[in-house]
Amino acid sequence: MSRLLCLILALACGLFAAPVCAAPADTGDALLLIASGRFPDIEKGVALLARSGDARTQAIIEALRDGRLAVAADKRVVIEGANGSWSEAATGEALAEAPPSPKAVRLNNRIRRAVEAALGALTLMAPDAAARRQAAEAVFRSRDATALATLDEAIAREEVAGIRRLMGEARAAILLGDAGASDLQKIEAVDILATRADQDALALLRAAAAQGSPTVREAAEGAITAVERRLAVLSMLQNVWYGLSLGSVLLLAAIGLAITFGVMGIINMAHGEMVMIGAYTTFVIQELARTHAPGLFDWTLPLAIPMAFLVAALVGVAIERGIIRHLYGRPLETLLATWGVSLILQQTVRSLFGPTNREVGAPSYMAGAFDLGGLTITYGRLWIIVFSFAVFSALIVALKATSFGLKIRAVTQNRRMAASMGIRTSWVDTMAFALGSGIAGVAGVALSQIDNVSPNLGQSYIVDSFMVVVFGGVGNLWGTLVSALTLGIANKFLEPFAGAVLGKILLLVFLILFIQKRPRGLFALRGRAVEA
Amino acid sequence: MTSPTLTNTVLYLDGVSVTFDGFRAINKLSLAIAPGEMRAIIGPNGAGKTTMMDIITGKTRPDEGEVFFGGMIDLTMLDEAEIAALGIGRKFQKPTVFESHTVADNIRLALAGARSPFSALFGARNRIAEERIDAILSTVRLTEHRTRLAADLSHGQKQWLEIGMLLAQDPKLLLVDEPVAGMTDAETAETAHLLKEIAHEHSVVVVEHDMAFVRDLGCKVTVLHEGSVLAEGSIDAVSANERVIEVYLGR
Amino acid sequence: MTRRPILLAMLDGKGAIFLGVLAALAVLVPLSNLFLPETSPLHVPTYAVSLLGKYLSYALLALALDLVWGYCGILSLGHGAFFALGGYAMGMYLMRQIGPRGVYGHPVLPDFMVFLNWQELPWYWSGFDIFPFAALMVLAVPGLLALVFGWLAFRSRVTGVYLSIITQAMTFALMLAFFRNDMGLGGNNGLTDFKDILGFSVQAQGTRLALFVATVIALALGYGVARYMVTSTYGKVLIAIRDAESRTRFLGYRVEHYKLVAFTVSAMMAGVAGALYVPQVGIINPSEFSPANSIEAVVWVAVGGRGTLVGAALGAVVVNMAKSWLTGALPELWLFALGALFIVVTLYLPKGIVGTLAERREKRKATATAKTAGIAAEAAE
């Protein structure tokens, strides 16, 4: 699908590219062949045209592609323009009157391919660099031998190194499949393709290894091993990248919990619902922007972050003041009561917004991808990773460097001592819980970009988040970070072998076993204070 | 002071150290308790008294050092239940009794005998003679509270109940952590009397802050400081020791 | 003072009432269903018999949960897994009974396997055509899982919320596993379209009554077992563990063995509950493993009163009746109501219905004895 898109794009660009060269005219012969009405001749005619370098070539071939090239009863080849106007194919001169009974030149798939290859070759010399790059890619894929001449010329003219390399690869691809090319040329081509080192190159090399002469075969086999090794490294890196991406999502989901559960020891089963509230806040803000200020759409996410924090934090305050406060020191009861809260929040959202998924759009900067040494990096994932690390750092700073953070740490370490030093412990509890909830809300903004925004959003994260916090070691934010990333990457490495679901099951089983071995996580605090 | 040999001790610690997150709670601690001996352990907060108890009873594993019971049993290899079954009883600093059970049931659960779930479900555990319970209750002066819930007892009564549970276990060695914390003077004197009675048949290690109480016990005293032994001797000798005065009494 | 024999100690007032009610249900419900005319207000229609049977199998699950939570302080958020495993074991038996009557008419393979192009029955399906074997598996599979899981968890002293969280992870992992078609247990759709049990049609009125009575008997037996356990010294040790685990350890009890026995017995009871649930409901699917189900069972116990056994069973029936009624009348409100129930019970009714009632009675008795003592003292003067 995307290849087709590339090609169409290339052709569209080609439309605006002025033909660069005006060279000797085989055009007449080509048109004669095309007018013959026999498919093999038409194909030959297209090839001839493509090699001609005539300024008219592009217009003629495009007309052919679009079904506007016609042969009149007097054997003239004409092009149908807009509003029924006609022009001479060879010269482009407008005709005063319509030609007698024009018949459109018919195409079959072979010819269509030839047409597209020819157009691809033509754009190789377009002034626009992007168009040339795409044309080179198109030629690489079509491996049409007729483009070879044009390609050689284009390589000679090309000034951008990257595009020249691409063209060289296209040339190599053609030569490797060309029965007429010498072994020396082919071996050279193998070397070039080996540097390209992607699945396409691998396919070409495999084909060459299957049928070439012994020397070519040997070279190709050597290249295949090299490419495969490189691809293996690439796929590992890609896995690490996906794992980082999943890990950062886990981190986002778990980080608020690391405060409420890890630092304060409160089991908040409604944590996932805080995430959900954040996601719905994003949805509401986007809806408002859509109806009132469509121009601000790209700003909805930055706007949603503080709003989601605020909304979730306020809900958190209500929960802490209303329920959790009365259950301090009774963790199992807290667990049950907050589960009740989570049910109520889910149903509230379901009643307000409906049970189905709501659409949260991606702003322009979240869309698209770029290539990094063979890795495809999507902006969406990149931003989420950046974002989760930013949130994590902000939290660390808040806890280590602000007086509020100092108070939280004081209260969690020794509540009575903190109280006697004039810290309002109950206020600190509330604020810390609000902070954890608010961060969960912020996580919801990010998750709205990659997950379905539905009332069940939170449920799907609750088990994972707890696992991350417990695995990392309760009360240790750095542990949460390491744990989230480890689990994310492990999950992505398991998936290819075990499948997504089984991979997840294996990970859960591993975690259950791990907790047996280290009940207090990877980076546990040790000593009497912990057990008290 | 002659260095004690393994064989004639009920409890023998040598070169024991344990570290929590870089903090050395116990530092090359060596200690020996003779059979039938009563020993008081004193020391400022954080001297490592409770951690020492944790090590003896198997709650905490030492990083290095030897802990032997009865001269030949390596306690560092065993867990709490095994150590308790060997005959080491422990009373916690904060009185911990089973609050939802009656006083009699607290003693019943503590009585020496089979401990397996099977015996508790179908066997001997269900046929415990009430006389044994009565005997212990009268020792710890709780006979008239027999059917009350442990939760309803006063603080001092809970302490005694816990001592009673220790007696019911019939241990060779009793570890008693701050038995008189929070007691009235009368209760304190009574407790000292009780412990001395117990010490006739058992070895007892008492950790305590209350110097008057320690004096009442009239036994050998070991002073702990920063995880190791600072001084050892009679209460008068220890009180006169300048280093002890410096780190503990003098402040 | 002499000790009362344990059987006498077992049967206290509320236990007697409970067993009495169960006996009455076992007799009166079938009689009413069979002999009262449908127009009679006291007639129990067949669908209601099965519904009641479903509630009672939930009650058995609640009883199992109360044994570990109420008496041993183990808040399992994964008991639904044992329930579902028992249910699947029964479901597999029922599937095998369909024989060639499936939609595809394959002589041995259940429909979903034919649909997935499976050629033969996976090994773990063998034997399930024999009822005694299936019945054994109803006990053995949940029991074994509990034994292994509990052995690992209790040995390494995972307690409190950590234990709750990993039990939840356990049932979550099982749910994911059972959703997979490769598991060979019907994937998404689970096991359904049952025809016969022990040669009787599961749809028939008589079978439904028999299943109901079997559920009542199982509940009574479950109560008996649980009550025996908690009134013996074993139960006293369990409570001791719940209140002061470390103290119990220092008394020389192997806490992990005690917990393991309770956890395993409880899991087997939950398995039986699931096995009785499946033929009465007609389906078992992976959603039974969902963590939400397990935690809902916890609230039944909390509502009824944990550590009372009778209360747990009562809570299961009451909450589920309310659920049936509310989801029919005001479906939007059910989750609000359930959520509120969690909050209200933990905040204001921590002992649950039965626990609170018992406490009141104790207090009244205490004041009464105090009064009589006062009068006696006055008279003596």
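The following refers to the structure shown. Everything numeric in this text was worked out from a predicted model, so none of it was measured.

To continue, consider the interface of chain B and chain C. With 35 residues of chain B at the contact, the number on the chain C side is 28 residues. Taken together, the two surfaces of chain B and chain C that pack against each other cover about 2900 Å², and 61% of this comes from carbon and sulfur. Contact with chain C buries area across many residues of chain B, yet Phe-98, Arg-115 and Leu-121 of chain B alone supply 21% of it, more than any other trio. On the surface where chain B and chain C come into contact, there are 15 residue pairs in polar contact (both at pLDDT 80 or more). Of all elements in the fold, only helix H2 (80–86), strand E6 (88–91), helix H3 (103–110), helix H4 (117–121) and helix H6 (155–168) of chain B reach the threshold of two or more residues within the side of chain B that touches chain C. Here the element with the most residues in the side of chain B that touches chain C is H2 of chain B; it accounts for five residues. When the residues that make up the side of chain B that touches chain C are grouped by side-chain class, the tally is 15 nonpolar, seven polar and 13 charged.

The next subject is the sheet that holds E6 of chain B. All names here are of chain B. Strands sit in the order E6-E7-E8-E3-E9-E10 across an open sheet of six strands; the sheet is mixed. Either end of the sheet is taken by a strand with one partner, and the two such strands are E6 and strand E10 (228–233). On average, adjacent strands in this sheet sit at an angle of 20 degrees to one another, irrespective of strand direction. Bridge analysis of strand E3 (residues 38–42) against strand E8 (residues 203–207) gives four bridges, and the strand direction is parallel.

To continue, consider the nonpolar core. Judged by nonpolar contacts, the single largest core of 259 residues is most densely connected at Phe-261 of chain A, Ile-107 and Leu-161 of chain B together with Ile-166, Leu-191, Phe-289 and Trp-300 of chain C. In terms of residue count, helix H3 (residues 46–72) of chain C provides more of this core than any other element does, 17 residues in total. Not counting the four nearest positions on each side in its chain, Ile-166 of chain C is found in contact with Met-467, Ile-512, Ile-515 and Gln-516 of chain A together with Phe-149, Ala-153 and Val-158 of chain C. Within the second largest apolar cluster, 42 residues are counted, among which are Leu-175, Ala-201, Leu-205 and Ala-209 of chain A.

Turning to the pairing of strand E2 (residues 77–80) of chain A, a few remarks are in order. Each regular strand shows side chains that alternate between the opposite faces of the sheet. Residue and element names in this part refer to chain A. Inspection of the sheet shows strand E1 (residues 69–71) paired to E2 by three bridges, in the antiparallel sense. When the sheet's bridge partners are listed, Leu-69 is paired in E2 with Ile-79. One ladder, built from three bridges, connects E2 with strand E3 (residues 86–88); its direction is antiparallel. Of the residues in E3, the one forming a bridge with Ile-79 is Ser-87.

Rolling a probe over the atoms, with the probe sized like a water molecule, indicates the empty space that remains. Throughout the structure, instances matching the rule amount to one cavity of 30 Å³ or more. What the largest cavity holds in volume is close to 40 Å³. Lining the largest cavity are Glu-333 of chain A together with Trp-69, Ala-302, Arg-306, Val-345, Thr-346 and Pro-350 of chain C. Classifying every residue of the lining of the largest cavity gives four nonpolar, one polar and two charged.

A few words on the interface of chain A and chain C. Contacts between the two partners involve 39 residues from chain A and, on the opposite side, 38 residues from chain C. By the criterion of area lost to chain C, the three top residues of chain A are Leu-332, Leu-336 and Gln-516 of chain A, representing 19% of everything that side buries. Across the chain A-chain C interface, the total number found is one salt bridge. Here Glu-333 of chain A makes a salt bridge to Arg-306 of chain C, at a shortest N to O gap of 2.5 Å. The tally of links from chain A across to chain C stands at four residue pairs in polar contact (both at pLDDT 80 or more). Secondary-structure elements contributing two or more residues to the side of chain A that touches chain C are helix H14 (331–353), helix H19 (459–472) and helix H21 (500–517) of chain A. Counting residues per element, the side of chain A that touches chain C draws most heavily on H14 of chain A, at 15 residues. Class assignment of the residues belonging to the side of chain A that touches chain C gives a composition of 27 nonpolar, seven polar and five charged.

What counts, and where the lines are drawn
Residues numbered from 1 in each chain as written. Chains lettered and ligands numbered in written order. Predicted model: local features only at pLDDT ≥ 70, side-chain atom pairs only at ≥ 80, totals over all residues. Heavy atoms only, no water. Contact = heavy atoms within 4.5 Å. Buried area = accessible area lost by both parts, 1.4 Å probe. Polar contact = N/O pair within 3.5 Å; in protein donor to acceptor, adjacent residues only side chain to side chain. Helix = DSSP H or I, 4+ residues; strand = E, 2+ residues; numbered from the N terminus. Nonpolar A, V, L, I, M, F, W, Y, C, P; charged D, E, K, R; others polar. Pairing = 2+ DSSP bridges. Axes fitted to C-alpha atoms, helices over the stretch in contact; angles between N-to-C directions. Core = buried A, V, L, I, M, F, W, Y, C linked by side-chain atoms within 4.5 Å. Buried < 20%, exposed > 50% of the residue type's maximum accessible area, 1.4 Å probe, protein only. 1 Å grid on protein atoms, 1.4 Å probe; cavity = no way out; pocket = protein on both sides within 12 Å on 5 of 7 lines; lining within 4 Å. Points joined across faces, edges and corners; volume = space filled by probe spheres on them. Salt bridge = Lys/Arg side-chain N within 4 Å of Asp/Glu carboxyl O.

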